[in-house]
Structures are given as C-alpha cells and as structure tokens.
Amino acid sequence: MKTISTQNAPAAIGPYSQGKIVGELVFVSGQIPVDPATGAVAEGIQAQAEQSCKNVAAVLEAAGSSMEKVVKTTCFVADMGDFAAFNGVYEKHFTSKPARSCVAAKALPKGVLCEIEAIAEL
C-alpha cells in the first residue's frame with residue numbers, strides 16, 4: 001500500500017490521506033472544492049463542482065492514474081436541488097461514465113456544496 005500526497009490538491013484536514021494505492025487501484029479521498037493554491041472556496045455549485053473535479057484529477061495524476069481510468073465515484077451534494085447543475089460539470093470531467101452513487105449530505109466540511117471521492121485503475 002502506498003500513500004498519495006500532492007500539493008496540487010488540498011491537504012487532508014483530518015486523520016486521513018489524499019489517496020492510497022492498493023494493488024492496481026487508486027482510492028481518492030473525498031475532495032472538497034478548496035483551491036489548493038489559495039485555500040479559497042468559490043461561490044456556487046458549478047464552480048465548486050469544477051474545483052472538486054480538478055482536485056480529484058490532481059490526486060489521480062500524482063498516483064499515476066487519470067480521470068479516464070475512474071471506475072467508481074461517490075458524490076455528496078449539500079442540496080439535491082443542485083443535482084442537475086452538479087451533473088453538468090461532472091459529466092465534462094468523468095467522460096468514461098464510471099459507476100456512481102450520489103447522495104445529499106446534511107453538512108459537508110467547511111460548509112461546501114459538494115464533495116467527490118473516486119476509485120480508479122492505475
């Protein structure tokens with residue numbers, strides 16, 4: 001097992017890592033829409049979904065994988081009313097159409113509107 005760490009995605013804000021490689025799979029911890037360069041969170045679901053996708057991509061790249069190799073995601077949205085707008089951004093990044101679960105979460109870290117975790121092949 002190998003721990004993944006990159007400065008191109010937000011640092012873990014708790015007792016976990018950005019990702020792990022186990023065998024031929026990469027497990028990416030939930031990525032919230034924090035800009036790793038500034039620590040800022042953009043306003044609105046579309047901007048936040050975009051940043052979360054970029055953060056997932058950064059962890060995958062650090063692991064030697066890519067968005068095209070994602071086989072499963074779990075997505076969390078704070079408000080299911082944002083589901084269509086979230087999907088509009090998500091489908092631009094996850095073009096391989098991985099298996100997915102998407103659930104509403106009562107609250108997400110730092111009050112963000114979405115979070116995405118992923119499992120990918122190396």
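Note that the structure is a prediction, hence the values are computed from the model and not measured.

(A) Layout of the nonpolar core. By size, the foremost hydrophobic cluster in this structure holds 26 residues, and its most contacted members are Val56, Leu60, Phe86, Phe94 and Ile116. Of all elements in the fold, only β3 (25–31), α1 (45–63), β4 (70–77), α2 (83–93) and β6 (114–121) reach the threshold of two or more residues within this core. Here the element with the most residues in this core is α1; it accounts for eight residues. In terms of nonpolar packing, the next biggest core, distinct from the first, is built from five residues, Ile32, Val34, Leu108 and Val112 among them.

(B) Inspection of the environment of glutamate 115 at higher detail. Secondary-structure assignment places glutamate 115 in strand β6. Apart from the residues lying within four places of it in its own chain, the contact partners of glutamate 115 are Gly30, Gln31, Ile32, Thr74, Cys75, Phe76, Leu108 and Pro109.

(C) How the structure looks around α2. Looking at α2, one finds that the buried residues are Phe86, Val89 and Tyr90. Relative to the axis of α2, the buried residues are bounded by an arc of 100° and lie together on one face. Projecting away from the buried face of α2 at angles above 90 degrees are the exposed residues Ala84, Glu91 and Lys92.

(D) Local environment of unusual backbone geometry. With a phi angle near 50°, lysine 97 is a residue other than glycine that sits in the positive phi range. Along the chain, the position of lysine 97 falls in the loop between α2 and β5 (99–104). Unlike most non-glycine residues, lysine 110 shows phi in positive territory, near 60°. Mapped onto the secondary structure, lysine 110 falls in the loop between β5 and β6. Classification of lysine 110 as exposed rests on a relative accessible area of 58%.

(E) Spatial organisation of the pairing of β5. Two elements, β4 and β5, share six bridges in a ladder whose sense is parallel. Within the sheet, the bridge partner assigned to valine 77 lies in β5 and is alanine 104. After leaving β4, the chain enters α2 and then returns to the sheet as β5, a path that is right-handed.

(F) Representation of the sheet that holds strand β2 (residues 19–22) within the structure. In spatial order, the strands read β1-β2-β3-β6-β4-β5; together these six strands make up an open sheet with mixed pairing. Edge positions in the sheet fall to β1 (2–4) and β5, since each of these pairs with one other strand and no more. Between one strand and the next, the sheet's axes are offset by a mean angle of 15°, whatever the strand orientation. Across four bridges, β2 lies against β3 in antiparallel orientation. Note on β3: the bridge partner recorded for glycine 19 is valine 28. Set on the sheet, α2 makes contact with β4, β5 and β6; between it and β5 the angle comes to about 150°.

What counts, and at which threshold
- Residues numbered from 1 in each chain as written.
- Predicted model: local features only at pLDDT ≥ 70, side-chain atom pairs only at ≥ 80, totals over all residues.
- Heavy atoms only, no water.
- Core = buried A, V, L, I, M, F, W, Y, C linked by side-chain atoms within 4.5 Å.
- Buried < 20%, exposed > 50% of the residue type's maximum accessible area, 1.4 Å probe, protein only.
- Helix = DSSP H or I, 4+ residues; strand = E, 2+ residues; numbered from the N terminus.
- Contact = heavy atoms within 4.5 Å.
- Arc of directions from axis to C-beta.
- Pairing = 2+ DSSP bridges.
- Right-handed = clockwise from strand over helix to strand, strands pointing away.
- Axes fitted to C-alpha atoms, helices over the stretch in contact; angles between N-to-C directions.

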